[in-house]
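Overview (structure and organization)
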Amino acid sequence: MALFVLKRLATLAATLLAASCVVFLVLEILPGNAAQVLLGPDAAPEAVAELTRQLGLDLPAWQRYLQWMGGLLTGDMGISHAYGTPVGELIAERLALTIPLALLAMLLASALALAAGVYAAARHNRLGDVGVMALAQLGIAIPNFWFAILLILVFSVKLQWFSAGGFPGWTEEAGGGPWPALQALLLPAVSLAVVQGAILARITRSAVLDVMREDFVRTARAKGLTRRAALLRHVLRNAMIPVVTVMGLQFANLLAGTIVVENVFYLPGLGRLIFQSIANRDLIVVRNCIMLLAAMVVLVNFVIDLLYAAIDPRVKVAGA
């Protein structure tokens, strides 16, 4: 098991290093200058050159990359050009909204999809199966930003049950509280969960059907086990490996999907910070935010590998 974990950790480190190179190079080739954006289009060339020097943007690309990586290793993400505050503080403040939003969306998507997928598999080729798969296909076809606007029109404008946007904060001192904050995140979470839940429902149905056709399930049924008991005792555990894979990838997609949804609902999360930083040409913030999302994706995949080994010991043996 130790060798299995060490190999996965080495893969994780190599992936993050490659991701950092790609992120840095892609942002470097983008046109524009942060100093010019901060000073405005009418700024004197001398002032732009001086601010460029102060921000360290006149240094060679390789030197700025090494400075960035050295800062990440020591926990120093640098200072935002636009906000004038440490990038780590900005990201931590925005993650306090984005992480709960993604977790709430994942919880809603998983609960709905697992129930729907198992229900459809248990009623294979019957009306319930056809209905669930039709709804799942519709959910996959709906863009989450369009569904977010639809939710606002129905539940905020028409019924006036929820706020159309904004975030009151998690504490009463900030003017909100846990319950108002969850209310503000509910519609964004639903808009994110619909597409992911539809995909997960189809994967769950297929995985359960594949396992139900295995010989050991037929043997269990032949020994007198009911269909429901065989499903709960034998099928679900063996069907969870592809489902867990998709759930991990979906959580990463949810974090990336918040960029659009947070702007629709005007939520001060990580997605909105990335959007504003791109507009301000604040590449140090964009670079660290994207690297953080990449690290979360890699970390989720690492956790999935460990869950594989826990669910199916054969994965641990093959990967050692």
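Residues numbered from 1 in each chain as written. Predicted model: local features only at pLDDT ≥ 70, side-chain atom pairs only at ≥ 80, totals over all residues. Heavy atoms only, no water.

Among the nonpolar cores identified, the biggest contains 37 residues, and Ile-91, Phe-265, Leu-270, Leu-273, Val-285 and Cys-289 are the most heavily contacted of them. For this core, the leading source of residues is helix α5 (residues 87-122), giving 10 residues. Those residues within four positions of Ile-91 in sequence are excluded, and the remaining contacts are Met-77, Leu-270, Leu-273, Asn-288, Cys-289 and Leu-292. Ala-136, Leu-200, Ala-207 and Val-235 belong to the second largest nonpolar core, which has 19 residues in total. (Core = buried A, V, L, I, M, F, W, Y, C linked by side-chain atoms within 4.5 Å. Buried < 20%, exposed > 50% of the residue type's maximum accessible area, 1.4 Å probe, protein only. Helix = DSSP H or I, 4+ residues; strand = E, 2+ residues; numbered from the N terminus. Contact = heavy atoms within 4.5 Å.)

Moving on: the environment of Leu-135. Topologically, Leu-135 is positioned in helix α6 (residues 127-141). In this structure Leu-135 comes out as exposed when scored by relative accessible area, which is 62%.

This brings us to the packing of α5 against α6. Contact geometry of α5 with α6 gives a least axis separation of 7 Å together with a crossing angle of 145°. As for the relative orientation of α5 and α6, their crossing is left-handed in sense. For the pair formed by α5 and α6, the contact residues are Ala-116, Tyr-119 and Ala-120 on the first element and Gly-128, Asp-129, Val-132 and Met-133 on the second. Within the contact of α5 with α6, the residues separate by chemical class into five nonpolar, one polar and one charged. (Axes fitted to C-alpha atoms, helices over the stretch in contact; angles between N-to-C directions. Left-handed = near helix turned anticlockwise from the far one by under 90°. Nonpolar A, V, L, I, M, F, W, Y, C, P; charged D, E, K, R; others polar.)

With that out of the way, let us pick up the side chain of Arg-64. Turning to its location among the elements, Arg-64 is positioned in helix α4 (residues 61-74). In contact with Arg-64, other than residues within four places in its own chain, are Phe-24, Glu-28, Gly-56, Leu-57 and Leu-59.

Shape is all these values report; function is a separate question.
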